[in-house]
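Understanding the architecture of this molecule
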Amino acid sequence: MLDVARGYGEAELTKTESGDPVITGDINGTAYQLFFLDCRDHRDCRTLNFYAVWGTAGVSLELLNRWNALGAYNKAYLTTDGLPVVELNASALDLGRDRLADLFDRWTVTLAAFPREVLGKAGE
């Protein structure tokens, strides 16, 4: 997975505080994390969670709800501090290289579209 992630930009494999793997990376200047969830003994993880948060305050729930209504693969919300987050969740079961590349393609599009379609319209 790390090799595929590096094909899209900088990527490094680390661990969460609980010991589960996480890839931290950068695609076209946007930082993200790829969390591995539903793991057994910090391996054999069943769910992937692509995650990005922006330091842009003032994004309305209306904009986020519009984004969520129009997108089939992502979800967006505000952190408790009011910062916008976008996620992409996917099953890791039977995950081959082609499907993983498709997920990274979708994530790359998301990381470009979210700032343009949501963050760029905050304050309008």
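Residues numbered from 1 in each chain as written. Predicted model: local features only at pLDDT ≥ 70, side-chain atom pairs only at ≥ 80, totals over all residues. Heavy atoms only, no water.

1. Describing the nonpolar core
Counted only if it meets this: Residues enter a nonpolar core if they are buried and are Ala, Val, Leu, Ile, Met, Phe, Trp, Tyr or Cys, with the set joined through side-chain atoms within 4.5 Å. Burial status follows relative accessibility: with a 1.4 Å probe on protein chains alone, a residue under 20% of its type maximum counts as buried, one over 50% as exposed, and anything between as partly exposed. Comment: elements are numbered from the N terminus, with helices defined as DSSP H or I runs of at least four residues and strands as E runs of at least two.
Core analysis: the largest hydrophobic core is formed by 32 residues, its most contacted members being Y32, F104, W107 and F114. Mapped onto this core, the elements with two or more residues apiece are α1 (2–6), β2 (21–27), β3 (30–37), β4 (47–53), α2 (61–70), β6 (84–91) and α3 (97–117). In terms of residues, this core owes the most to one element, α3, which gives 7 residues.

2. Points about the environment of N28
Mapped onto the fold, N28 is located in the loop between β2 and β3. Under the relative-accessibility criterion, N28 is labelled exposed at 71%. Measuring from C-alpha to C-alpha, the distance between N28 and T108 comes to 8.2 Å, with 80 residues separating the pair along the chain.

3. Side note on the pattern of salt bridges
Test applied: Salt bridges are counted wherever a side-chain nitrogen of Lys or Arg sits within 4 Å of a carboxyl oxygen of Asp or Glu.
Within the structure shown, the criterion is met by 4 salt bridges. A salt bridge links R66 to E62, with the shortest nitrogen-to-oxygen separation between them at 3.3 Å. Residue R66 and its partner E62 are located together in helix α2, separated by 4 residues, close to a single helical turn. Look at E62 and you get exposed, because its relative accessible area is 57%. Measuring nitrogen to oxygen at the nearest pair gives 3.5 Å for the salt bridge that ties E87 to K75. With E87 in strand β6 and K75 in strand β5 (residues 74–78), this pair connects stretches of sequence that are 12 residues apart. Exposure remark for E87: the relative accessible area of 8% places this residue in the buried category. Since its relative accessible area comes to 38%, K75 is described here as partly exposed.

4. Observations regarding the sheet that holds strand β1 (residues 10–15)
Our working definition: At least two bridges found by DSSP between two strands are what make those strands a pair. Geometry is summarised by axes, namely lines fitted to C-alpha atoms with helices restricted to the contacting stretch, and by angles between N-to-C directions that run from 0 to 180 degrees. Here a residue-residue contact requires only that any non-hydrogen atoms of the pair lie within 4.5 Å.
Pairing is antiparallel across the open sheet formed by 6 strands, whose spatial order is β1-β2-β3-β4-β6-β5. For this open sheet the edge positions go to β1 and β5, each flanked by a neighbour on one side alone. Within the sheet, the average angular offset between the axes of one strand and its neighbour, ignoring direction, is 25 degrees. Its contacts with the sheet place α2 against β5 and β6, and it is angled at close to 170 degrees to β5. The sheet contacts of α3 involve β2, β3, β4, β5 and β6, and relative to β6 the element is tilted by about 165 degrees.

5. Things to note about the side chain of D20
The condition is simple: In this charge count, Lys and Arg are treated as positive and Asp and Glu as negative; neither His nor the chain ends contribute. In protein, a polar contact means a hydrogen-donor-capable atom and an acceptor-capable atom, both N or O and within 3.5 Å, with residues adjacent in sequence counting only if both atoms are side-chain atoms; elsewhere, any N or O pair within 3.5 Å suffices.
In this fold, D20 is placed in the loop between β1 and β2. No salt bridge is formed by the buried D20. Its closest oppositely charged neighbour is K15, at 9.1 Å. At a separation of 2.8 Å, a polar atom in the side chain of D20 contacts the side chain of H42. Discounting residues that sit within four places of it in the chain, D20 has contacts with T14, K15, F36, C39 and H42.

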